[in-house]
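# Survey of secondary and tertiary structure
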Amino acid sequence: MSIETNLNLKKRFEKVRSDTERICAPLEIEDYGMQPTSDVSPPKWHLGHTTWFFEEFILSKVKGYKPFHSAFSFVFNSYYDTVGSRVLRSQRGDLSRPTVRQVMSYRKYVTEQCLELLSNPIDQELLDIFEIGINHEEQHQELLVYDIKYILGAQPLFPIYADMFSTQREVNTGFSQLEAGLYPIGADHLYFCYDNEMGKHKVYLQDFEIANKLVTNAEYLEFIADGGYSDFNLWLSEGLDFIRKEDIHAPLYWHLVDGEWHHYTLNGLVKINWDLPVQHVSYYEAQAFATWKGMRLPTEFEWEVASEKYNWGQLWEWTNSAYLPYPNFQKAAGALGEYNGKFMCNQIVLKGSSVATPIGHSRNTYRNFFHPSSRWLFSGIRLSK
C-alpha cells in the first residue's frame, strides 16, 4: 500500500471515530445505557464495541500493546466465539459499569494507539483489517441511529433527538421493465466489499417490472383501511402468527392520536406526511402488502440488476430472497470468518441503503440482512411484478 493510501486510511479512520461520537452528541447521559428490547443495544455499548474491534483485531497483534482494561473484551465482544465468552446481547442494558466516561476514555486510548500505528509502515494484513474496522464502525453508526430512535420512541414524552435522517418525497414514474437474460451478480475485488458479496456469478432472470418509487404512507394506509392486517389470506403463516402475537396493526412508531395518525420521528411525534415512503415495516408486512396489491417483492438479483440504472437508497428495501451464500463463498479464517457466514439462516436480504447509511458505505452489491420480523431498522417497500 502506498504512503498516500496509508495517509488516506488514517484520515478515514479519524473521521469514522469522530462521526460515531457526533451521532451520540444529542443524547442525555441517561440515554446511553438504555436497552428497551433485546434487538437494541445501548449507545454506550456501540461506542465500546466498535473500539474493542480495533483493539482485538489490530492492536492486540502489535508487540508491546497493553489492553486498556482486561475485562472489556468480555463486555464488548458481540458474537465472536473464537475470541471468547461475552455478555449476552439481551443483558447489555444491565451494565451500569463501565460508565460512559470510562468508555469514552477507552475510545480515546484506542484511537490514539491506532493513529500512532497508522503513522508508521505496517504490513498489508493490518491495513486490510483497518479497512474492515472502518466499515464495521460505519455499520454500527447506522445501527446506533436505529437504536437511538427506538430508545427515544419508547419514551412517553417522545423526545426530540435532532432534525436528521429524514426521507424525501419521491416522484411516481411507474414501473421499469427489464428483459429476460443472464446477468452478473455480486462484487469483484477492485473495491472493498464483504465476503458475502463475493463469488461473482451469473443468474438468469425472467422478464419483470419493478417500481421506480417506494410505497408511500398513503398507499400503506389504504392497506390498513382495507383490513390488511386482519385478512389471513394475505399473510405468510409465520407472519400472521407474528402480528397476532405482537398485536401489530400498523408500522412501528405509528400512533393514533385523537383519531389522527401520527408517527414518532427523530424530530419528535408528528403528523404523518402521506407522500413520504412508508418505513419501519417487517418483511412479513412488506410481503402482505405486495400480495394485497397483486404484486410481489423483487428478488435480490432483480433489485441489483435494476439498480444499475437508478439512484435508489432512502430506505433499505426488503427483497424476496433468503440470505444464502453465493457460489464459491469462502468464509475467512479465524474470528473474522464469523462476520457474515454464520448468519446465513432465517434471514432475508435487504438491498440499497438508507438515510442513516454513512456516505460512501453503500453499493448495489451490498447484502444487508435481518430476520423477517425486524421493524426497527429503516426499511421500506419496492414492488415488483
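Residues numbered from 1 in each chain as written. Predicted model: local features only at pLDDT ≥ 70, side-chain atom pairs only at ≥ 80, totals over all residues. Heavy atoms only, no water.

### Quick word on the overall build of the protein chain
The helix and strand inventory of the protein chain stands at 9 helices and 11 strands. Considering only C-alpha atoms, the protein chain reaches an extent of 65 × 50 × 35 Å along its principal axes. Every one of the 385 residues in the protein chain was classed for burial, and the buried ones make up 52%. Taking as baseline every contact in the protein chain between residues at least 6 positions apart, the subset at least 24 positions apart corresponds to 77%. Summed over its atoms, the accessible surface of the protein chain is roughly 18300 Å², and 51% of this surface lies on carbon and sulfur atoms. When the 36 basic and 48 acidic side-chain charges of the protein chain are each reduced to a single mean position, those positions are 4 Å apart. (Helix = DSSP H or I, 4+ residues; strand = E, 2+ residues; numbered from the N terminus. Buried < 20%, exposed > 50% of the residue type's maximum accessible area, 1.4 Å probe, protein only. Contact = heavy atoms within 4.5 Å. Areas by Shrake-Rupley, 256 points an atom, 1.4 Å probe, with all protein chains shown as cover. Lys, Arg positive; Asp, Glu negative; His and termini not counted. Charge placed at Lys NZ, Arg CZ, Asp CG, Glu CD.)

### Concerning the UniProt feature "domain: Sulfatase-modifying factor enzyme-like" (unreviewed entry) in the protein chain
UniProt records the feature "domain: Sulfatase-modifying factor enzyme-like" (unreviewed entry) for residues 175-307 in the present numbering. Between the C-alpha atoms that bound residues 175-307 the distance is 13 Å, and the span itself is 27% helix and 24% strand. (UniProt positions renumbered as here; feature names shortened; annotations may be inferred.)

### Topic: the side chain of Lys 351
Within the element layout of this structure, Lys 351 appears in strand S9 (residues 348-352). For Lys 351, the side chain forms a polar contact with the main-chain oxygen of Thr 365, separated by 3.4 Å. Those residues in contact with Lys 351 that lie beyond four places of it in its chain are Glu 300, Trp 303, Glu 304, Leu 315, Trp 316, Glu 317, Thr 319, Asn 364, Thr 365, Tyr 366 and Arg 367. (Polar contact = N/O pair within 3.5 Å; in protein donor to acceptor, adjacent residues only side chain to side chain.)

### Let's talk about the pairing of strand S6 (residues 260-265)
For S6, the tally of buried residues reaches 5 of 6 residues, placing the bulk of the element in the interior. As paired elements, strand S5 (residues 254-257) and S6 share 4 bridges and run antiparallel to each other. Within S6, the residue paired with Trp 254 across the bridge is His 263. Counted between consecutive antiparallel strands, the loop separating S5 from S6 contains 2 residues, among which Asp 258 sits at a positive phi close to 55°. When S6 meets strand S7 (residues 268-271), the two strands line up antiparallel, connected through 4 bridges. Its bridge partner being in S7, His 263 is matched across the sheet by Val 270. Counting the residues that bridge the hairpin from S6 to S7 gives 2 residues. (Pairing = 2+ DSSP bridges.)

### Some details on the UniProt feature "domain: DinB-like" (unreviewed entry) in the protein chain
Per the UniProt record, the feature "domain: DinB-like" (unreviewed entry) sits at residues 13-142. Overall, residues 13-142 shows 54% helix and 0% strand. The separation of its end C-alpha atoms is 17 Å.

### Comments concerning the sheet that holds S6
Strands sit in the order S5-S6-S7 across an open sheet of 3 strands; the sheet is antiparallel. For this open sheet the edge positions go to S5 and S7, each flanked by a neighbour on one side alone. Here the strands of the sheet are splayed against their neighbours by 40° on average, with no regard to which way each runs. (Axes fitted to C-alpha atoms, helices over the stretch in contact; angles between N-to-C directions.)

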